[in-house]
Amino acid sequence: MLAKHWKKIAMIILIVACVFNVMSKLVNKLSLDKEMLQSATYVYEENKNK
């Protein structure tokens, strides 16, 4: 059975891997944007206090 359907199984695994890759990149991008905003706020406040 596996030999008969290996292309479909491989395609499903590939699609699932691509979905996880895209989702992880979206999550990391949102976190990176948040981190950059916090860093900019910190630098602004430090410069303002001097």
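Residues numbered from 1 in each chain as written. Predicted model: local features only at pLDDT ≥ 70, side-chain atom pairs only at ≥ 80, totals over all residues. Heavy atoms only, no water.

Sorry if this is basic, but what is going on with the overall build of the chain here?
On a plain count of helices and strands, the chain comes out with one helix and zero strands. On C-alpha atoms alone, the chain measures out to a radius of gyration of 22 Å, which is more than a quarter above the 10 Å that the 2.2 N^0.38 rule sets for 50 residues. Reported as C-alpha extents along the three principal axes, the dimensions of the chain are approximately 70 × 10 × 10 Å. Residue burial in the chain is summarised as follows: out of 50 residues, 0% are buried. Of the accessible surface of the chain, which amounts to about 5,100 Å², a share of 71% is contributed by carbon and sulfur atoms. Across the chain, the 8 positively charged side chains and the 4 negatively charged ones have centroids separated by 24 Å. (Helix = DSSP H or I, 4+ residues; strand = E, 2+ residues; numbered from the N terminus. Rg over C-alpha atoms; globule rule 2.2 N^0.38 Å. Buried < 20%, exposed > 50% of the residue type's maximum accessible area, 1.4 Å probe, protein only. Areas by Shrake-Rupley, 256 points an atom, 1.4 Å probe, with all protein chains shown as cover. Lys, Arg positive; Asp, Glu negative; His and termini not counted. Charge placed at Lys NZ, Arg CZ, Asp CG, Glu CD.)

How do you make sense of the environment of Asn-28 when you look at a structure like this?
Note that Asn-28 resides in helix α1 (residues 6-49). Along the chain, Asn-28 and Cys-18 lie 10 residues apart, while their C-alpha atoms are 15 Å from each other.

How should a nonpolar patch on the surface be read in this particular structure?
A contiguous nonpolar patch, built from Met-11, Leu-14, Ile-15, Val-19, Val-22, Met-23 and Leu-26 and spanning about 660 Å² of accessible area, is present on the exposed surface. Mapping Met-11 onto the fold places it in helix α1. (Patch = residues over 30% accessible without salt bridge, like charges linked within 9 Å, V, L, I, M, F, W, Y side chains within 5 Å. Salt bridge = Lys/Arg side-chain N within 4 Å of Asp/Glu carboxyl O.)

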